[in-house]
Amino acid sequence: MDPGTLNFQIKRGVSFGPARIICRNAAGEIVPLAGWQAYAHMRKSPDDPVLIDFNPQIASDDADGLVTLPVISYSITAGLTNGVFFWDLILQTPDGRRLDPSLSGTVTVATPLTQPGTA
């Protein structure tokens, strides 16, 4: 798989996701991920604490190269501070080999204009 860049935005106090990522090789072919594991964190820098564990999911019988970042609830996003953060996705093969990040990018956290419960 070729690494890629995926930047996205999380609005504070609003649920994020799910986000679905399809993994392809250099030829553009889908990479079946049955038996693979995925890891993805959001941090300010590699040495800072994890702000969000995206807890990516891969179906045990996946043939479609699909990695899903489940919903992050509004109660969790409400606790974030505005700013630009970083994330990446690391895949682990069934034999335990962890690959270089398949995707990486920025996450911009922002407060939406509409804020339910405020006047």
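Scroll up to find the structure.
Residues numbered from 1 in each chain as written. Predicted model: local features only at pLDDT ≥ 70, side-chain atom pairs only at ≥ 80, totals over all residues. Heavy atoms only, no water.

## Overview of the environment of Gln92
- Counting through the fold element by element, Gln92 comes out in strand E7 (residues 83–92).
- Contacts of Gln92, omitting those with residues within four sequence positions, involve Trp36, Gln37, Tyr39, Arg97 and Arg98.
- There is a polar contact of 2.7 Å between the side chain of Gln92 and the side chain of Arg98. (Helix = DSSP H or I, 4+ residues; strand = E, 2+ residues; numbered from the N terminus. Contact = heavy atoms within 4.5 Å. Polar contact = N/O pair within 3.5 Å; in protein donor to acceptor, adjacent residues only side chain to side chain.)

## Observations concerning the pairing of strand E8 (residues 103–110)
- Across two bridges, strand E1 (residues 4–5) lies against E8 in parallel orientation. Bridging across to E8, Gly4 finds its partner in Leu103.
- Note that strand E2 (residues 8–11) and E8 share four bridges and pair parallel. Bridged to Ile10 within E8 is Val109.
- In this sheet, E8 lies alongside E7 in antiparallel orientation, the contact comprising seven bridges. Looking at E8, one finds that Gly83 is bridged to Val109. (Pairing = 2+ DSSP bridges.)

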